Amino acid sequence: MELDLGSLLHALIPTWNSVAVLGVYFGYLAIAGSILPGKVVSGVTLQDGSRLHYRCNGLLSLLLLVGLLGVGAQMEIVSATVISERGLELLSATFIFSVVVTMMLYVAGRLSKNKVSSLRPHVTGNLIEDWWFGIQLNPQFFSIDLKFFFVRAGMMGWLFINLSVLAKSIQNGTLNQSMILYQSFCTLYILDYFFYEEYMTSTWDIIAERLGFMLVFGDLVWIPFTFSIQGWWLLRNNVELTTAAVIANCFVFLLGYMVFRGANKQKHDFKKDPKAPIWGRAPRVIGGKLLASGYWGIARHCNYLGDLMLALSFSLPCGISSPVPYFYPIYLLILLIWRERRDEARCAEKYREVWAEYRQLVPWRILPYLY
Ligand code: NDP
């Protein structure tokens, strides 16, 4: 036991190798994000009327990096299994980076005299609170929007961890149906995320949360290292799935994807053009502001329901012998229930009687007839 704890602690100590992996990764993303072509999308209008602009070239940056690493692995310049072999030290290196970078953001935020909404400091005076939630809405570093950058790094990091775990299972000769299902679902989800990257620009995190430790840690450490637990678990555990279980698993994924993407797309299209048809019909709109048809007429956060089904589909390939691979759906359930409550309060204040009317018309929060 002592030995296990000792070796665990030892594995957590970052080496220069892991620092170099992180440095090259962030460096690549900064350069690729700045120079690769991509649709430039205007963010929501901020309090002072200004708007930020985001270059949505995440998919190209990702595919190019996958290609470069694939060639590098073929030529034996890089190791495809490096992340799966150095997972713990990469985790602690990323954690230390998050702490350091958010301390720098705290200091920069406190010193800022900027008056524009995206950079105006919001200081409560409580050191922990200001460091945790952040001081500025959209801090930048050499013209790079750090919030957009970190969420991109985290989502791509999740895929690279998965690919490395996949390479390890091939190397070990243990690749099986469960691993293929888990890898396929996550890869489709992440590629889809970057295909629709512009939708990110209107999400709660981008428009409402300041950039502090909560978001930086969430993006860089939490997303890639905890969302991939199923893959790590499958490396060490063999699961035999019946054909019926595989079909049911694919069904949960497809249904979840349809609801998740459909709901987010309907809202996005509605915001761009409030008359855009929903499911082939003119939309039902409340007070000229809120969409009450399509998925948004079924539950007030149907998009969360889709996301939860997807999360479940990532864990089902692991069978039901252990709760460990269910960490992600359980965490997401708690997060989205909390988030829905916070968004509900925000919308009730913003839309007032229009929101009350919407609530009456669509009484369900996430899951019709249950919640
Ligand atoms: P939502 O997409 O749920 O957006 C909420 C906002 O949409 C509201 O504040 C309001 O903003 C607007 N809105 C709400 N209802 C309506 C309506 N009926 N008609 C028009 N506009 C409406 O926000 P999130 O950013 O929380 O989530 C985006 C996606 O990201 C979700 O699918 C979620 O599941 C996913 N997600 C995933 C996480 C993960 O860890 N996997 C974590 C967090 C989110 P406005 O003021 O602009 O009108």
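Basis of the calculations
Residues numbered from 1 in each chain as written. Predicted model: local features only at pLDDT ≥ 70, side-chain atom pairs only at ≥ 80, totals over all residues. Heavy atoms only, no water. UniProt positions renumbered as here; feature names shortened; annotations may be inferred. Helix = DSSP H or I, 4+ residues; strand = E, 2+ residues; numbered from the N terminus. Contact = heavy atoms within 4.5 Å. Core = buried A, V, L, I, M, F, W, Y, C linked by side-chain atoms within 4.5 Å. Buried < 20%, exposed > 50% of the residue type's maximum accessible area, 1.4 Å probe, protein only. Disulfide = S-S within 2.5 Å. Near = heavy atom within 4 Å. Polar contact = N/O pair within 3.5 Å; in protein donor to acceptor, adjacent residues only side chain to side chain. Areas by Shrake-Rupley, 256 points an atom, 1.4 Å probe, with all protein chains shown as cover.

- The protein chain appears in an unreviewed UniProt entry as Delta(14)-sterol reductase from Linum trigynum.
- On record in UniProt, under Subcellular location (unreviewed entry), the comment for the protein chain is "Membrane".
- Taken directly from UniProt, the Sequence similarities (unreviewed entry) text for the protein chain runs: "Belongs to the ERG4/ERG24 family."

## Observations regarding the environment of Tyr326
Inference 1: Mapped onto the secondary structure, Tyr326 falls in the loop between α13 (302-315) and α14 (327-351).
Inference 2: Sequence separation between Tyr326 and Leu312 is 14 residues, and the spatial gap between their C-alpha atoms is 7.5 Å.
Inference 3: The contact partners of Tyr326, leaving out residues within four places of it in the chain, are Leu312, Ser315, Leu316, Gly319 and Ile320.

## Focus on the nonpolar core
Inference 1: If you look at the biggest cluster of nonpolar residues, it comprises 93 residues, and the most contacted ones within it are Tyr25, Phe150, Met155, Trp158, Tyr189, Phe314 and Tyr358.
Inference 2: If you tally residues by element for this core, the top one is helix α7 (residues 146-172), at 13 residues.
Inference 3: Residues in contact with Phe314, not counting those within four places in the same chain, are Trp158, Tyr182, Phe185, Cys186, Tyr189, Gln230, Phe253 and Tyr328.

## Topic: the state of the cysteines
Inference 1: A full pass over the atoms with the stated rule returns zero disulfides.
Inference 2: Unpaired in this structure, Cys186 has its nearest cysteine sulfur neighbour in Cys318, at a distance of 9.5 Å.

## Remarks on unusual backbone geometry
Inference 1: A positive phi is found at Ser143, a non-glycine position, where the angle reads about 65 degrees.
Inference 2: Mapped onto the fold, Ser143 is located in the loop between β3 (140-141) and β4 (144-145).
Inference 3: When its relative accessible area of 68% is taken as the criterion, Ser143 is described as exposed.
Inference 4: In this structure, Trp279 takes a positive phi of about 50 degrees despite not being glycine.
Inference 5: Mapped onto the elements, Trp279 comes out in the loop between α12 (243-272) and β5 (285-286).

## Notes on the site of the ligand
Inference 1: Around the ligand sit 26 residues, and of these Lys271, Tyr304, Asp343, Lys350 and Tyr351 come closest.
Inference 2: Between the ligand and the protein, one listed contact pairs an oxygen atom with a side-chain N or O atom of Arg346 at 2.7 Å.
Inference 3: In the complex, 90% of the free accessible area of the ligand, which totals 920 Å², lies under the protein chains.
Inference 4: The set of elements that each furnish at least two residues to the shell around the ligand consists of α12, β6 (290-291), α13, α14 and α15 (353-361).
Inference 5: The element contributing the most residues to the shell around the ligand is α14, with nine residues.

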